[in-house]
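Coordinates in review
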Amino acid sequence: MPHVLASLPYFVAGWLFFCGLYGLTTSRHLVHAVISLAVLQSSTYMLLLGIGYRTGGTAPVFVDISPGRLTVDPVVQALMLTDIVVEAVVVALLLAMVVKAYEKSGSVSPSDLRTLRG
Amino acid sequence: MNWWLWAGIAVASCLIPCADMCLRGSPERRLVGLEMTSIIITLAMVIFTIAFERIPFIDLPLTLAIMSFGGALVFARFLEHHL
Amino acid sequence: MTERLRARIFFVAGFIFLALYFCAALNLPPWGDYRGPYGDFISRMVVYQRHATDAVNAINYDYRGFDTLGEEFILFTAVLGVMMLLRRRADTATREANKIKETRKLSISVQVVNFPVFFVTVVFGFYIGLHGQLTPGGGFQAGVILASALLLVYICENTEAFQRITSHRAVEVSEALGAASYALIGLAALCLGVPFLTNILPLGTTGDVFSGGNIALISACVGVEVTAAFLLVIYSYLEEIVTGEVPEE
Amino acid sequence: MIWFGAILLLLVAISGFAVVCTRDVTSQVIALSFYGLLMALTFFFFQAPDVALSQITVGAVALPLMVMLAISRMKFRKAHMPDSSSGEEHD
């Protein structure tokens, strides 16, 4: 494998993390901040995908192949799988807080949440 | 490297104009790009299933085909009524 | 702190983080050169040990079942939070008294297409959920598919039916039951004198629908819970819009 | 084959950045859905079909749906309570 590609998924994961943080710090809309958080969370999927992949490996589903075949790592895939579904509900919880904050204060800007000021 | 893989790559390379449609412009323009994207990804997944010679993977494009119908209606309706 | 100052501080810190992370990533094992032992061990053993052909679901619902139990309770708690924040009418009597104000009509072609698609989606959701131990699938995905099938009922403007289904008490009960029965399956193993969440059911023939022992059962419980969870979340958001009234605080 | 995977990863990186940079929330939801579909294809290509399946169901439909429900509820509240922007002093 060419040397340029040897760390590419790790770079992409770090880049997505950076993008999510950028969106969070500069957001002027609470829903925008929540979506940025979802992008930030997807960086972990990229990292795990990069770690578990193996050149020439196939998926660990043994319906039509014999168990001796070289496969990619099933453990990191199991880590990702539940997290993706739970992520959607956690995003729903955060958005419920956003809706509530909007109903109380009439604003969606994070800088208008005066009670959060330290 | 077999021919199916090349075919899948050719279909999936159509995602680049879709990315342009989805990531710039008004919401309606983006919605058109999104529908095209789900069609192209369904096709690409079918072809990659044949290329990898793993038949159980065919469940995924099937799911995407079914879910994208509901997804399209949801997006269209919310854009029309509520947003 | 002004917005520009915050952005400036972020850019300094962010680029330092990015540079340090990229340096660290260069020393990770190269992509495609996985060396960990656990994945290989499970890939070789799963068919003999559990008679299940999908290693990922075998890990999720059996080898790492305790962890998935935790994840499921995160889901449960998050749905609880959404309902606490957004819902106001708890008792069924006032809920049934609410009139539906939304009377817009969709084009007839969409309504005609919707019914068969709803049917196919429900059947497909059951297929995905019950074949989790054999092919890619399982309870988590099946739950989302089934919930989106019921969302189609709302989309084709049959708002009354949607409200009657999702505001029914059975949805809340089945969410709680789905979460509880996962823990009860684990406790059943304890009653037989083996550790929590041990696979106690007969393993069956490899490749059969009734194989893998506990895996299919736990997957079904998770499917019930995820379906109910998504329906509850969707209805919590839509309640005001569907009933068309904003309650006084 | 590995070059195609690399291009796919770069496309994910670009569209992730584009999702974050979109300031209009309604447009951002659709960009997020595109990003989820692209992630699903990436998972599929790198031999993770289970993860791709949950990414298809959640990332393409459920996650954007949650955001749209929240936005539409906020719009609905705005349309039906014109005086709510004055701010009710709770707690």
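Preceding this paragraph is the structure being described.
Bear in mind that the values here come from a model prediction, so they are computed numbers and not experimental data. (Residues numbered from 1 in each chain as written. Chains lettered and ligands numbered in written order. Predicted model: local features only at pLDDT ≥ 70, side-chain atom pairs only at ≥ 80, totals over all residues. Heavy atoms only, no water.)

Section: the interface of chain A and chain C
- Contact residues are listed per partner, giving 55 residues for chain A and 59 residues for chain C.
- With both chains or domains summed, chain A and chain C bury close to 4,800 Å², and 70% of this area falls on carbon and sulfur atoms.
- Linking chain A to chain C there are 2 salt bridges.
- Among the ionic pairs, Asp 40 of chain C bridges to Arg 54 of chain A, the shortest N-O distance being 3.0 Å.
- Counting across the interface, chain A meets chain C through 18 residue pairs in polar contact (both at pLDDT 80 or more).
- Listing elements by their share of the side of chain A that touches chain C, those giving two or more residues are α1 (8-26), α2 (30-52) and α3 (74-105) of chain A.
- The element that contributes the greatest number of residues to the side of chain A that touches chain C is α3 of chain A, accounting for 22 residues. (Contact = heavy atoms within 4.5 Å. Buried area = accessible area lost by both parts, 1.4 Å probe. Salt bridge = Lys/Arg side-chain N within 4 Å of Asp/Glu carboxyl O. Polar contact = N/O pair within 3.5 Å; in protein donor to acceptor, adjacent residues only side chain to side chain. Helix = DSSP H or I, 4+ residues; strand = E, 2+ residues; numbered from the N terminus.)

Here's the deal with the packing of helix α4 (residues 59-81) of chain B against helix α3 (residues 49-80) of chain D
- The contact between α4 of chain B and α3 of chain D brings their axes to 10 Å, and the two run at 10°. Relative to α3 of chain D, the element α4 of chain B is oriented roughly parallel. Contacts from Leu 60, Thr 63, Leu 64, Met 67, Gly 71, Val 74, Phe 75 and Phe 78 of chain B in α4 of chain B reach Pro 49, Ala 52, Leu 53, Ile 56, Thr 57, Ala 60, Val 61, Pro 64, Leu 65, Met 68, Leu 69 and Ser 72 of chain D in α3 of chain D.
- Looking at the contact of α4 of chain B with α3 of chain D residue by residue, the class counts come to 16 nonpolar, 4 polar and no charged. (Axes fitted to C-alpha atoms, helices over the stretch in contact; angles between N-to-C directions. Parallel < 35°, antiparallel > 145°, perpendicular 65-115°, else oblique. Nonpolar A, V, L, I, M, F, W, Y, C, P; charged D, E, K, R; others polar.)

Observations regarding the packing of helix α3 (residues 55-63) of chain C against helix α10 (residues 214-243) of chain C
Residues and elements named next belong to chain C.
- Here α3 crosses α10 at 80°, and the two axes come no closer than 9 Å. Considering their axes alone, α3 and α10 lie roughly perpendicular with respect to each other. Listed contacts from α10 to Asn 57, Ala 58, Tyr 61 and Asp 62 of α3 are Ile 215, Ile 218, Ser 219 and Val 222.

A few points about the interface of chain A and chain D
- The interface is formed by 51 residues belonging to chain A together with 44 residues belonging to chain D.
- Scanning the region where chain A abuts chain D turns up 2 salt bridges.
- Residue Arg 73 of chain D is joined to Glu 103 of chain A by a salt bridge in which the shortest nitrogen-to-oxygen separation is 3.4 Å.
- Between the two partners, chain A and chain D, sit 9 residue pairs in polar contact (both at pLDDT 80 or more).
- In terms of residue count, the dominant contributor to the side of chain A that touches chain D is α3 of chain A (16 residues).
- Taken together, the residues that form the side of chain A that touches chain D break down as 34 nonpolar, 13 polar and 4 charged.

Topic: the environment of Ala 18 of chain D
- Positionally, Ala 18 of chain D belongs in helix α1 (residues 2-21).
- For the pair Ala 18 of chain D and Ala 31 of chain D, spaced 13 residues apart in the sequence, the C-alpha separation amounts to 7.9 Å.

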